[in-house]
Protein chains: 2
Amino acid sequence: MRYRITLAYDGTDYFGWQMQASHPTIQSILTMALERIEGRRIVTHAAGRTDAGVHAEGQVVSFDLDREWDGIELRRALNGNLPQDIRVIDAATADDDFHARVYAIGKTYSYRINTSEVSNPFLRRYVWDFRHKLDLEKLQVDLNSLCGTHDFIVFTVADSETKTSVRTIREARLENEGELVTIYFSGTGFLRYQVRTMIAALVELNRGRLKAGSVDELISSGDRSLVGAPAPAKGLTLMKVEY
Amino acid sequence: MRYRITLAYDGTDYFGWQMQASHPTIQSILTMALERIEGRRIVTHAAGRTDAGVHAEGQVVSFDLDREWDGIELRRALNGNLPQDIRVIDAATADDDFHARVYAIGKTYSYRINTSEVSNPFLRRYVWDFRHKLDLEKLQVDLNSLCGTHDFIVFTVADSETKTSVRTIREARLENEGELVTIYFSGTGFLRYQVRTMIAALVELNRGRLKAGSVDELISSGDRSLVGAPAPAKGLTLMKVEY
């Protein structure tokens with residue numbers, strides 16, 4: 001029987017989603033919990049392989065279990081075997097051919113930036129302490145320029161698994177509450193480090209510190225050396241996956 | 001020169017505000033930071049002595065320093081010597097007779113309750129996972145009954161330092177966002193464990209699990225045995241102090 005669960009996690013203490021032999025990852029911890037309730041090794045597929053330190057509010061994972069589980073019972077059994085920083089918020093049976101990554105048609109990520117000089121002790125694991133003011137009007141204009149279908153190669157790293165770096169961003173918007181700025185990106189899919197590299201470029205562009213004068217110039221240059229290192233993992237959260 | 005600072009802290013890893021010889025407290029960590037910048041032991045006074053595990057967004061502390069400090073410079077110097085879970089959000093000189101506790105005329109506390117069966121990995125240090133639904137209309141009615149000037153002895157513990165258990169609650173209101181319920185209390189001052197014990201009584205009353213049938217009955221009984229143990233420290237935050 002195929003199952004689909006929605007996971008929320010604080011990624012601070014994990015080496016990302018993907019199983020690793022020597023470090024705790026979300027997938028390895030979830031696999032152990034599944035093994036404990038099912039008595040054998042279970043193969044899991046996540047919608048997005050979040051990197052080390054990245055969080056999720058709505059990661060989706062699919063897997064098969066021999067036993068037939070009620071969704072609520074499965075959720076309870078898994079949460080009883082998971083640490084407090086990883087929670088199953090929903091569990092249900094799925095169609096036999098459902099696959100969390102293959103069937104995903106859209107994802108939403110958020111990235112949180114604290115522009116205040118003073119960090120927030122309650123958000124210290126979940127925001128980038130940028131410590132500088134941002135021009136939010138300019139930021140929204142630049143976010144609009146990122147929307148649409150583009151070759152985003154400038155915002156990624158060399159990655160043999162990816163056939164094309166053309167992606168579509170459907171929406172890019174910001175919210176601000178006091179000195180906390182949250183940027184949301186929704187799109188069909190994102191390249192590795194794409195959101196964090198776009199964030200790094202956007203804030204440097206905002207402060208007039210990039211050689212390129214605009215998002216369009218960056219994208220059309222295709223020149224990764226114009227863009228700095230990705231923004232810190234801890235500001236990034238996978239919010240939602242659409243099917 | 002007298003100074004007044006506003007502190008925000010995640011109280012999870014501390015044994016409350018008050019200095020202790022053998023355990024890290026907010027006061028001991030702040031005192032060490034002050035000692036490092038001033039070169040001698042400094043006596044500090046906080047508006048409210050938060051208990052172990054209780055948080056603050058707006059704790060106020062007063063102390064004297066020999067050196068004359070600009071507020072922003074003092075804030076930076078202290079934050080440079082404090083751990084990330086304790087932050088000075090504001091620092092300024094104060095009148096010579098200012099005293100953070102004596103001059104306080106009002107305080108606001110918040111208490112956060114997660115009524116969902118599933119805990120939230122991002123709020124796990126800051127909410128009480130109550131895991132049961134609450135009747136919010138009844139809760140607001142009971143909050144209204146707590147407002148005003150009453151003898152709150154039923155909601156405290158034996159405490160020789162307190163002359164009277166009569167206090168005034170100016171406002172008691174709730175906000176809810178999804179399954180997260182936040183209760184705010186504003187008043188002239190609160191007894192030790194008062195907010196957490198009121199919360200414990202309110203939720204049990206809400207579920208019809210107290211012998212007393214109403215807040216009025218509880219208050220007028222003066223009988224502490226009618227009320228259970230205080231709600232967990234981690235849900236409580238000192239939001240604001242008024243002068």
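What you see is a predicted model; the values in this text were computed from it and never measured.

J.: Sorry if this is basic, but what is going on with the interface of chain A and chain B here?
T.: When the parts of a complex come together, some accessible area is lost, and that lost area is often taken as the interface size. Of the residues lining the interface, 22 residues belong to chain A; the matching set on chain B comes to 22 residues. Interface area, chain A with chain B, both sides summed: about 2,000 Å², of which 54% is carbon and sulfur. Broken down residue by residue, the surface that chain A buries against chain B is led by V118, F122 and R124 of chain A, which jointly contribute 32%. Where R124 of chain A meets D10 of chain B, a salt bridge forms, and the shortest distance between an N and an O atom there is 3.1 Å. Linking chain A with chain B are eight residue pairs in polar contact (both at pLDDT 80 or more). Listing elements by their share of the side of chain A that touches chain B, those giving two or more residues are β1 (2-9), β3 (55-64), α2 (71-79) and β4 (86-93) of chain A. Of the residues in the side of chain A that touches chain B, the class split is nine nonpolar, four polar and nine charged.

J.: So what exactly am I meant to see when it comes to the packing of helix α1 (residues 26-38) of chain A against α2 of chain A here?
T.: A pair of packed helices is characterised by two quantities: the angle between their axes and the separation of those axes. Residues and elements named next belong to chain A. α2 packs onto α1 with a crossing angle of 115° between their chain directions and a minimal axis gap of 9 Å. The element α1 and its partner α2 pack so that their crossing is right-handed. In this structure, α1 uses A33, L34 and I37 to contact α2, whose residues at the interface are L74, A77 and L78. Its residues assigned to classes, the contact of α1 with α2 comprises six nonpolar, no polar and no charged.

J.: Quick question: what am I supposed to make of the pairing of strand β10 (residues 236-242) of chain A here?
T.: Remark: a regular strand shows side chains that alternate across the two faces of the sheet. Residue and element names in this part refer to chain A. The pairing of β3 with β10 spans two bridges and is classified as parallel. By the bridge assignment, A56 is partnered in β10 with L238. With six bridges connecting them, strand β5 (residues 106-114) and β10 associate as antiparallel partners. Bridge assignment links S110 to a residue of β10, and that residue is T237.

J.: What should I look at first to understand the confidence of the model for chain A in this one?
T.: Low pLDDT marks stretches whose predicted atomic positions should not be read closely. Confidence in the prediction for chain A averages 95 pLDDT; 98% of positions are at 70 or higher. For this predicted complex, the interface confidence score (ipTM) comes to 0.89, while the overall pTM stands at 0.92.

J.: Can you walk me through unusual backbone geometry in this structure?
T.: Trans peptide bonds make up most of the peptide bonds, and negative phi angles are found at most residues other than glycine. With a phi close to 70°, R131 of chain A is a non-glycine residue in the positive phi region. Even without a glycine there, the phi angle at Y193 of chain B is positive, about 65°. Tracing the backbone shows Y193 of chain B in the loop between β9 (180-187) and α4 (194-206). The exposure class of Y193 of chain B is partly exposed, given its relative accessible area of 25%.

J.: Before we go on, may I ask you to explain the domain arrangement of chain A in this structure?
T.: All names here are of chain A. Domain boundaries assigned for chain A yield domain 1 (2-93) and domain 2 (106-242). If you average the C-alpha positions of domain 1 and of domain 2, the two centres end up 27 Å apart. Contacts between the two partners involve 16 residues from domain 1 and, on the opposite side, 15 residues from domain 2. Buried surface at the junction of domain 1 and domain 2, both sides included, amounts to about 1,200 Å², of which 53% is carbon and sulfur. Along the contact surface separating domain 1 from domain 2 lie one salt bridge.

J.: Explain the packing of aromatic side chains here, please?
T.: Centre-to-centre distance and the angle between the planes together describe a pair of aromatic rings. According to the stated counting rule, one finds 16 aromatic pairs over all chains in the structure shown. Ring geometry for Y3 of chain B versus F63 of chain B: centroids 6.3 Å apart, planes at 25°, classification stacked. Here Y3 of chain B, found in strand β1 (residues 2-9), pairs with F63 of chain B, found in strand β3 (residues 55-64); they are 60 residues apart in sequence, far enough to count as distant. Across the pair, exposure class does not vary: Y3 of chain B and F63 of chain B are buried alike. Taken together, F98, Y103 and Y243 of chain A form an aromatic cluster joined through their ring pairs. Seen from the ring of W69 of chain A, R67 of chain A lies directly overhead, with NZ or CZ sitting 3.9 Å from the centre.

The rules behind these values
Residues numbered from 1 in each chain as written. Chains lettered and ligands numbered in written order. Predicted model: local features only at pLDDT ≥ 70, side-chain atom pairs only at ≥ 80, totals over all residues. Heavy atoms only, no water. Contact = heavy atoms within 4.5 Å. Buried area = accessible area lost by both parts, 1.4 Å probe. Salt bridge = Lys/Arg side-chain N within 4 Å of Asp/Glu carboxyl O. Polar contact = N/O pair within 3.5 Å; in protein donor to acceptor, adjacent residues only side chain to side chain. Helix = DSSP H or I, 4+ residues; strand = E, 2+ residues; numbered from the N terminus. Nonpolar A, V, L, I, M, F, W, Y, C, P; charged D, E, K, R; others polar. Axes fitted to C-alpha atoms, helices over the stretch in contact; angles between N-to-C directions. Left-handed = near helix turned anticlockwise from the far one by under 90°. Pairing = 2+ DSSP bridges. pLDDT = per-residue confidence, 0-100. Buried < 20%, exposed > 50% of the residue type's maximum accessible area, 1.4 Å probe, protein only. Domains from an automatic or database assignment. Phe/Tyr/Trp six-rings, centres within 6.5 Å; stacked < 30°, edge-to-face > 60°. Lys NZ or Arg CZ within 6 Å of the ring centre and 35° of its normal.

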